[in-house]
Amino acid sequence: WPGRTLVVLADSPEREDRAKWAPHLSGPWEMVDVKGDHCSLLREPDAGETAAVVGRALREAQQMALPGAQQISLRETQQTTLLGAQQNG
């Protein structure tokens, strides 16, 4: 994969196997460790840390794609979508 990549690794016995992404990534990439195991990193209490890591990467990607553009948060997007649905429906 030549694109920018974030590899999120959980603290698990399989961590070393899951960290073997380098041969498959030809573009820029970053590896980040998070708490939990392969499944729990998407559930509380570990999901918050995973969400923060992914959120940071998404903001950085947005800045790279739209330099100087106003950043729109997920919450603002959800609120705008909800308001539009209420007005139209």
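Peer 1: Could you give an account of the overall build of the protein chain, naming the residues involved and the relevant values?
Peer 2: Summing up its helical and strand segments, the protein chain has three helices and two strands in all. Of all 89 residues assigned to the protein chain, the portion counted as buried reaches 21%. For the protein chain, contacts bridging at least 24 residues in sequence account for 51% of all contacts bridging at least 6.

Peer 1: So what about the confidence of the model for the protein chain? Which residues, and what values?
Peer 2: Of the residues in the protein chain, 74% reach a pLDDT of 70 or more, and the chain-wide mean stands at 78. This model gives residues 77-89 a pLDDT under 50, and the stretch forms one contact once residues within four places in sequence are excluded.

Peer 1: Any details on the nonpolar core? Residues and values, ideally.
Peer 2: Among the nonpolar cores identified, the biggest contains five residues, and these are Ala-10, Val-32, Val-34, Leu-41 and Val-53. Excluding residues that lie within four positions of it along the chain, Val-34 makes contacts with Val-8, Leu-9, Ala-10, Asp-11, Leu-41, Glu-49, Thr-50 and Val-53.

Criteria and thresholds
Residues numbered from 1 in each chain as written. Predicted model: local features only at pLDDT ≥ 70, side-chain atom pairs only at ≥ 80, totals over all residues. Heavy atoms only, no water. Helix = DSSP H or I, 4+ residues; strand = E, 2+ residues; numbered from the N terminus. Buried < 20%, exposed > 50% of the residue type's maximum accessible area, 1.4 Å probe, protein only. Contact = heavy atoms within 4.5 Å. pLDDT = per-residue confidence, 0-100. Core = buried A, V, L, I, M, F, W, Y, C linked by side-chain atoms within 4.5 Å.

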